[in-house]
Amino acid sequence: MNKSVLLTVADTIDTGIKRISNIIAWTYVLLIIAIISQIVLRRGFHAGLIALEELQWHLYAIGVMFGMAYTQVLDKHVRVDLLHQNMTLRTQQWVEIMGILLLAIPFIGTLFLNSFDFVYESWRVSERSWSPSGLAFTWAIKAVIPLSCGLLLLAFVSRLARSIQQLRAPVSKGA
């Protein structure tokens, strides 16, 4: 069967997001190493590092921010299924399309566009941690915001394409 252009676009976006997410997932390994290191330093040597503690927050933020796009691509995000489960497949797709177009894309798009000034200002003033022994280059963690929002916008485009395709040629819910 010949795949539609919408599904081809959606598959391409999904593949890219999954590949990026598989790389980003390694931040959780680094996070675990940082946590264990901090525990050993605190409990074993009675001395923790502020920079290591801040690094934990940054690694966690990276995983969560990029994880949103991955979760959207897998359609494993949290949703209130109380009403959704009682709708027909067609109505579910219309709700999905309207939610993406009227709520998700405008919100994430606004966040995406406004985050550039936020990151630029942090870079311009060479923002660093308020703690003297904290991390420098705060702009780098703030740069995760537009990057992850851009990826999430692409994930919404993919979901939108799939929902439109399902309205055009309904297939089983698992496909």
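Refer to the structure above for everything that follows.
Residues numbered from 1 in each chain as written. Predicted model: local features only at pLDDT ≥ 70, side-chain atom pairs only at ≥ 80, totals over all residues. Heavy atoms only, no water.

(A) Seen up close, the packing of helix α1 (residues 5-24) against helix α7 (residues 144-168). With their axes 9 Å apart at the nearest point, α1 and α7 run at an angle of 150° to one another. The handedness of the crossing between α1 and α7 is left-handed. For the pair formed by α1 and α7, the contact residues are Leu6, Leu7, Ala10, Asp11, Ile13, Asp14, Ile17 and Ile20 on the first element and Leu151, Leu154, Ala155, Val157, Ser158, Ala161, Arg162, Ile164, Gln165 and Arg168 on the second. For the contact of α1 with α7, a count of residues per class yields 12 nonpolar, 2 polar and 4 charged. (Axes fitted to C-alpha atoms, helices over the stretch in contact; angles between N-to-C directions. Helix = DSSP H or I, 4+ residues; strand = E, 2+ residues; numbered from the N terminus. Left-handed = near helix turned anticlockwise from the far one by under 90°. Contact = heavy atoms within 4.5 Å. Nonpolar A, V, L, I, M, F, W, Y, C, P; charged D, E, K, R; others polar.)

(B) Region of interest: α7. Taking 1.5 Å as the rise per residue, α7 with 25 residues should run 36 Å; its terminal C-alpha atoms sit 36 Å apart, in good agreement. Among the 25 residues of α7, 18 are classified as buried, and the element is accordingly described as predominantly covered. (Expected span 1.5 Å × (residues − 1). Buried < 20%, exposed > 50% of the residue type's maximum accessible area, 1.4 Å probe, protein only.)

(C) Region of interest: the pattern of salt bridges. For the coordinates displayed, the defined rule picks out 5 salt bridges. For Arg162, the salt bridge is made with Asp11, and the minimal N-O distance between the two is 2.5 Å. With Arg162 in helix α7 and Asp11 in helix α1, the pair connects residues that are 151 residues apart, well separated along the chain. What makes Arg162 partly exposed here is its relative accessible area of 22%. The exposure class assigned to Asp11 is partly exposed, which follows from its relative accessible area of 23%. (Salt bridge = Lys/Arg side-chain N within 4 Å of Asp/Glu carboxyl O.)

(D) Region of the structure containing the layout of surface pockets. Volume-wise, the second largest pocket comes out at about 480 Å³. Together, 21 residues line the second largest pocket, and His77, Val78, Arg79, Glu96 and Gly99 are the ones closest to its centre. Elements represented by at least two residues in the lining of the second largest pocket include exactly α3 (50-74), α4 (81-84), α5 (89-124) and α7. Looking at the lining of the second largest pocket element by element, the count peaks at 9 residues for α5. A breakdown of the residues in the lining of the second largest pocket according to their chemical character gives 13 nonpolar, 6 polar and 2 charged. (1 Å grid on protein atoms, 1.4 Å probe; cavity = no way out; pocket = protein on both sides within 12 Å on 5 of 7 lines; lining within 4 Å. Points joined across faces, edges and corners; volume = space filled by probe spheres on them.)

(E) Focus on the side chain of Ser4. With respect to the element layout, Ser4 can be found in the segment before α1. Since its relative accessible area comes to 19%, Ser4 is described here as buried. Within the structure, the side chain of Ser4 is placed 3.1 Å from the backbone nitrogen of Leu7, a separation counted as a polar contact. (Polar contact = N/O pair within 3.5 Å; in protein donor to acceptor, adjacent residues only side chain to side chain.)

(F) Quick look at the environment of Ile39. Within the fold, Ile39 resides in helix α2 (residues 26-45). Sequence separation of Ile39 and Trp26 is 13 residues, and the distance between their C-alpha atoms is 20 Å.

(G) Seen up close, unusual backbone geometry. Positive phi values are uncommon outside glycine, yet Ser126 reaches one of about 50°. Mapping Ser126 onto the fold places it in the loop between α5 and α6 (138-142). Unusually for a residue other than glycine, Phe137 sits at a positive phi of about 60°. We classify Phe137 as exposed; its relative accessible area is 57%.

(H) Spatial organisation of the side chain of Ser158. Inspection of the secondary structure assignment puts Ser158 in helix α7. With relative accessibility at 2%, the residue Ser158 sits in the buried group. With residues near it in sequence (within four places) discarded, Ser158 still touches Ala10, Ile13 and Asp14.

(I) Structural detail: the packing of aromatic side chains. Applying the stated criterion across every chain yields a total of 3 aromatic pairs. With centroids separated by 4.9 Å and ring planes inclined at 80°, the aromatic side chains of Phe112 and Phe116 adopt a geometry described as edge-to-face. Of this pair, Phe112 and Phe116 both sit in helix α5, 4 residues apart, which is roughly one turn of that helix. Judged by centre distance (6.5 Å) and plane angle (80°), the ring pair of Phe137 and Trp139 falls under edge-to-face. By relative accessible area, which is 31% here, Trp139 ends up partly exposed. (Phe/Tyr/Trp six-rings, centres within 6.5 Å; stacked < 30°, edge-to-face > 60°.)

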